[in-house]
Amino acid sequence: MSIESKEVPTDLVAPGAGSAGPPPGKRPRGAGQGARGGATPYLLILPAALVTVLLLGWPLVNNGVISFQNLNPRQLIQHVTEWTGFDNYAGQLGGSDFWSVTLRTVLFTVVNVVLIMVIGALVGLLLARLGKKMRLLLMLGLALAWAMPVIAATTVFQWLFDERYGVVNYVLDQFGWHSMAHYNWIGDQFSTFFVIIVLIVWQSVPFVAFNLYAATTTISKELYEAASLDGAGAWKSFTSVTFPMLRPFFLATTFLEVIWVFKAFAQVYAINQGGPDHLTETLPVHAFVEGMGSQHFGVGAAISILTILILLALMAYYFRIVLRQEEDDL
């Protein structure tokens, strides 16, 4: 005699019976955690955001307020506020000096960034090919150059290029360039810029080289083996394997270097205070000279705000290039 099983209709099963669901009166685990999980990241970054707003946002707002004032020593002593509207901005945008400094700053940034990226990339690729001992020695030298404080490095370069006792002039004289024995490197616009560019490139190359070397360690050796089987040489391997894999690195590092070089102040000012005859002033130095040097604080604040806007415009154009490159890769 067989026993036939009977199916119980699902609509007659009591809620919570068996393992079909949680017991009555209890919420499923995880219910309501979506809202809390969504707010948690914002709560974690809130302290950092508040500190950033306090340390950067408030000085920026205060600087913007000053840029609309005629603020000189007389106003500071008498505690008088003289609003001038957009006169400080109009005076700068309508004058030729500001645009000359702007063009000089852009060219200065382009030359430095190109040299930094090219030399840094070559040094980074060299690190990837050296043996352990030579790599360690080169990395130590790069780390020492990178760790040196900006003012200390600038002082060293002032000694190296000194007119009477500089090592550079002495070496050039020994190699037959006797006219360089007492050459004044900071007496001319281009020679002064040459010293500043050498200094900034020397300080920036280690950052690019270290990042590039670290990025090359993530590239699979199988890709290079496949390229060599196809008959690719060193240059072809770089253009077909290394550079495509490291393209995000190049884009991000170039972005950081543009910002760092564009806002460089200590090196330019410490070498020759923007001289001779203000011919090596960049926008940050120009803002300082007009603001603190001439004590026209409203004008200096306006120049600093314009400097930020110009940098944002350059970054916006750069972001367009990056986004267009990403669309082409998809």
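Structure shown above.
Numbering of residues begins from 1 in every chain and follows the order in which that chain's sequence is written. Reporting in this predicted model follows two pLDDT cut-offs: at least 70 for local features of residues, and 80 or more for side-chain atom pairs to be given and counted; totals over whole chains, interfaces and linings ignore these cut-offs and use all residues. For side-chain calculations, the full set of non-hydrogen atoms in the structure is used, while hydrogens and water are omitted.

Peer 1: I'd love a proper account of the packing of helix H4 (residues 96–129) against helix H5 (residues 132–147), names of residues and values included.
Peer 2: For the pair H4 and H5, the least separation of the axes is 9 Å and the interaxial angle reads 150°. In terms of orientation, H4 lies roughly antiparallel with respect to H5. Handedness of the crossing formed by H4 with H5: left-handed. Residue-level contacts link Val 123, Leu 126, Leu 127 and Ala 128 of H4 to Arg 135, Leu 138, Met 139 and Leu 142 of H5. The residue classification treats Ala, Val, Leu, Ile, Met, Phe, Trp, Tyr, Cys and Pro as nonpolar and Asp, Glu, Lys and Arg as charged. All others, Gly included, are polar. Tallied by class, residues from the contact of H4 with H5 come to seven nonpolar, no polar and one charged. A fitted line through C-alpha atoms serves as each axis, taken over the contacting stretch for helices, and the angle formed by two N-to-C directions is quoted from 0 to 180°. Starting at the N terminus, helices and strands are each numbered in turn, a helix being any DSSP run of H or I of at least four residues and a strand any DSSP run of E of at least two. Roughly parallel covers angles under 35 degrees, roughly antiparallel covers those over 145, roughly perpendicular covers 65 to 115, and oblique covers all other angles. Working rule for handedness: look at the near helix, and if it is turned counterclockwise from the far one by less than a right angle, call the crossing left-handed; if clockwise, right-handed. Throughout, a residue-residue contact means that at least one pair of heavy atoms, one from each residue, lies within 4.5 Å.

Peer 1: Residues and numbers for H5, please.
Peer 2: To estimate the expected span of a helix, count its residues, drop one, and scale the result by 1.5 Å. Between the first and last C-alpha of H5 there are 22 Å, a value that for 16 residues agrees with the 22 Å anticipated at 1.5 Å per step. The classification of residues rests on relative accessible area computed with a 1.4 Å probe and restricted to protein chains. Under 20% of the type maximum is buried, over 50% is exposed, and intermediate values are partly exposed. Residues Arg 135, Leu 142 and Ala 145 constitute the buried set of H5. Looking straight down H5, one finds that the buried residues subtend no more than 90° of arc, so they occupy a single side. Exposed side chains of H5 directed beyond 90 degrees from the buried face belong to Lys 132, Lys 133, Leu 136, Leu 137, Leu 140, Leu 144 and Ala 147. Where H5 is buried, its residues meet H4 and helix H8 (189–216). This arc is taken over the directions from the axis of the helix to the C-beta atoms.

Peer 1: Outline the environment of Asn 72, listing residues and values.
Peer 2: Structurally, Asn 72 can be placed in the loop between helix H1 (33–66) and helix H2 (73–78). The spatial distance from the C-alpha of Asn 72 to the C-alpha of Phe 297 is 6.1 Å, given a sequence separation of 225 residues. In this view, Asn 72 contacts Gln 295, His 296 and Phe 297; residues no more than four positions away in its chain are not counted. A polar contact of 3.0 Å, which involves the side chain of Asn 72, links it to the side chain of Asn 70. Under the rule applied, a polar contact is a pair of N or O atoms within 3.5 Å (in protein, one hydrogen donor and one hydrogen acceptor; residues adjacent in sequence only if both atoms are side-chain atoms).

Peer 1: I'd love a proper account of the environment of Ala 302, names of residues and values included.
Peer 2: Looking at the secondary structure, you find Ala 302 in helix H13 (residues 297–329). By relative accessible area, which is 0% here, Ala 302 ends up buried. Expressed as a C-alpha distance, the spacing of Ala 302 and Phe 86, which sit 216 residues apart in the sequence, is 9.0 Å. If near-sequence neighbours (up to four positions away) are discounted, Ala 302 is found in contact with Ser 67, Asn 88 and Tyr 89.

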